[in-house]
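Read off the chains here:
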Amino acid sequence: MADKREADGAEAESLPVRVKIAKTEEDGGREEDGPEHILSEFQTVRVLRDSAREKNIFIHGKLADEEAVVILEKTPFTEDSLPDLFSGSVLRLEMKNDIYSTYRLQAPLLFNEIKTTVVCPATEKHVKKYQRQESYLVEETGEDYQSITLPYLQQHNFSVQWVHNILEKKAEAERIVYEDPDPKVGFVLLPDFKWDQKQLDDLYLIAIAHCRDIKSLRDLESEHLPLLKNILQKGKEAITERYCIPGNQLRVYLHYQPSYYHLHVHFTKLGYEAPGCSVERAHLLSDVIQNLQSDSQYYRTRALCFPLRAEDGLLQRFKDSGRL
Ligand code: DD3
């Protein structure tokens, strides 16, 4: 990764914009296309959430008559960009007082990039997902899962098309960091969307199992131990090899409930408080492995706690069943 960043940085950041565009059109324009203007016609419906501290904003709007969610986020500084930033910027004085002065710094064009995620067409669920809302803790027994959660998932049949695209190399193929192609214990490891890969502090990768019949933690049994152990061991090794981060600086875990029902494992850097890494949602993979070693039916039978947001349809199901 350090190598990759150096290569990208040396090339892309010092080249004039025009050259960069010409270069990316050459390689088929797949992942990094030439300039697009799709947001020039974006019509804001409503700001769903914003955070001055996180420097992001989640917007519900319309793109050519389709519902869309756009996420804008300012990205962290990186040390290697400082020389270009200092040499190429213009300072405008805001105020000066004694030894203190503040400025507005106008950086070279390439430093003004904003990480942008577009979901289009977005479903009602996407819009709700990013609304600021209260969460409530639910305790789901094994029976609750069978009678409430599983029927809810089956009715809504949430799409994991994007996951299949990754496994079939129809999308993000060049982002894959490691793959074990085995159909039973294999997986694909790649950077999560949330990580812009410009700095290691907020490292975030996901391992997606090749096997398609495990929806979540609830489906895991001891027969899946070879798969889980393989993901833990080879996933850590691949990240150490690529990013020089030792295995004991990685937080390796599953979400319950997950945001998509195809088995996947999160790898984040220990010091980084990644969204969803706290106790009410994260299950350390090494704990999961040990629990399954003690009891093959552990995750089928235990009550599992997790937070649901006020607008989540599943929360209403728990209420309707008198479980809240
Ligand atoms: C998602 C959870 C899902 C909005 C957003 C993200 N990593 C992904 C598609 C491709 C990806 C991810 C759903 C969706 Cl912003 C709605 O995440 C993805 N590719 N987390 C990667 N690499």
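To keep things clear, this report deals only with the structure shown in the data block. (Residues numbered from 1 in each chain as written. Predicted model: local features only at pLDDT ≥ 70, side-chain atom pairs only at ≥ 80, totals over all residues. Heavy atoms only, no water.)

Details of the site of the ligand
So, point 1. Of all residues adjacent to the ligand, which total 13 residues, the nearest are Tyr130, Glu172, Pro191, Asp192 and Phe193.
So, point 2. One of the side-chain nitrogen or oxygen atoms of Glu172 is found 2.7 Å away from a nitrogen atom of the ligand.
So, point 3. Against a free-state accessible area of 490 Å², the protein chains account for coverage of 86% of the ligand.
So, point 4. Elements with a contribution of two residues or more to the shell around the ligand: β6 (115-119) and α4 (124-130).
So, point 5. For the shell around the ligand, a count of residues per class yields eight nonpolar, two polar and three charged. (Near = heavy atom within 4 Å. Polar contact = N/O pair within 3.5 Å; in protein donor to acceptor, adjacent residues only side chain to side chain. Areas by Shrake-Rupley, 256 points an atom, 1.4 Å probe, with all protein chains shown as cover. Helix = DSSP H or I, 4+ residues; strand = E, 2+ residues; numbered from the N terminus. Nonpolar A, V, L, I, M, F, W, Y, C, P; charged D, E, K, R; others polar.)

Topic: a nonpolar patch on the surface
So, point 1. Taken together, Leu91, Leu93, Tyr103 and Leu105 make up a surface patch of nonpolar side chains, about 370 Å² in accessible area.
So, point 2. Within the residue set of the nonpolar patch, elements represented by two or more residues are β4 (90-97) and β5 (100-106).
So, point 3. Mapped onto the elements, Tyr103 comes out in strand β5.
So, point 4. Among the residues examined, Tyr103 registers a relative accessible area of 39% and is labelled partly exposed. (Patch = residues over 30% accessible without salt bridge, like charges linked within 9 Å, V, L, I, M, F, W, Y side chains within 5 Å. Salt bridge = Lys/Arg side-chain N within 4 Å of Asp/Glu carboxyl O. Buried < 20%, exposed > 50% of the residue type's maximum accessible area, 1.4 Å probe, protein only.)

Details of the sheet that holds strand β1 (residues 43-51)
So, point 1. The strand order β1-β2-β3-β6 describes an open sheet built from four strands, whose pairing is antiparallel. Of all the strands in the sheet, just β1 and β6 have a single pairing partner and so form its edges. Strand after strand, the sheet turns through a mean of 20 degrees between neighbouring axes, direction not considered.
So, point 2. Two strands pair when backbone bridges link them, and β1 and strand β2 (residues 56-63) are joined in this way by seven bridges, in the antiparallel orientation. Paired with Ser51 across the bridge in β2 is Asn56. (Pairing = 2+ DSSP bridges. Axes fitted to C-alpha atoms, helices over the stretch in contact; angles between N-to-C directions.)

Quick word on the sheet that holds strand β11 (residues 250-255)
The pairing of strands in a sheet comes from backbone hydrogen bonds and takes either a parallel or an antiparallel form.
So, point 1. Spatially, six strands are ordered β8-β9-β10-β12-β11-β13 in an open sheet, and the strand pairing comes out antiparallel. Among the strands making up the open sheet, the edge pair consists of β8 (178-180) and β13 (282-284). Between one strand and the next, the sheet's axes are offset by a mean angle of 30 degrees, whatever the strand orientation.
So, point 2. In the sheet, β8 pairs with strand β9 (residues 187-191) via three bridges, with the strands oriented antiparallel.

Notes on the side chain of Glu221
So, point 1. Residue placement: Glu221 occurs in the loop between β10 (204-209) and α7 (225-243).
So, point 2. Non-local contacts of Glu221, meaning those with residues more than four positions away in its chain, are made with Leu292, Ser296, Gln297 and Arg300. (Contact = heavy atoms within 4.5 Å.)

Here we look at helix α8 (residues 285-294)
So, point 1. The complete set of buried residues in α8 reads Leu285, Val288, Ile289 and Leu292. Along the long axis of α8, the arc covered by the buried residues comes to 100 degrees, so they all point the same way.
So, point 2. As for α8, its buried residues are in contact with α7, β11, β12 (264-269), β13 and α9 (298-301). (Arc of directions from axis to C-beta.)

Some words on helix α10 (residues 313-320)
So, point 1. Along α10, the positions that sit buried rather than exposed are Leu314, Leu315 and Phe318. Taken end-on, α10 shows its buried residues confined to a sector of 105 degrees, consistent with a single buried face.
So, point 2. Where α10 begins, one side-chain oxygen reaches toward the backbone nitrogen of Leu314, 2.9 Å away; that side chain belongs to Asp312.
So, point 3. Looking at the residues trailing α10, positive phi occurs at Gly322, about 70 degrees.

Some remarks on the pattern of salt bridges
So, point 1. In the structure shown here, the tally under the stated rule is 13 salt bridges.
So, point 2. For the salt bridge of Asp180 with Lys234, the shortest nitrogen-to-oxygen distance reads 3.1 Å. Of the two residues, Asp180 is situated in strand β8 and Lys234 in helix α7; the sequence distance between them amounts to 54 residues.
So, point 3. Owing to a relative accessible area of 9%, Asp180 belongs among the buried residues under this scheme.
So, point 4. Exposure remark for Lys234: the relative accessible area of 26% places this residue in the partly exposed category.
So, point 5. Through salt bridges that share partners, Lys215, Asp219, Glu221 and Arg300 make up one connected network.

A look at unusual backbone geometry
So, point 1. Note that the residue after Cys120, namely Pro121, is joined by a cis bond; omega there is 0 degrees.
So, point 2. For the bond running from Tyr256 to Gln257, omega is -5 degrees, close enough to zero to count as cis.
So, point 3. One non-glycine residue with positive phi stands out, namely Glu172, at about 60 degrees.
So, point 4. When you line up the elements, Glu172 lands in the loop between α6 (161-167) and β8.
So, point 5. Here Cys244, not a glycine, exhibits a phi torsion of approximately 60 degrees, which is positive.
So, point 6. When you line up the elements, Cys244 lands in the loop between α7 and β11.
So, point 7. By relative accessible area, Cys244 is classed as exposed at 65%.

Shape is all these values report; function is a separate question.
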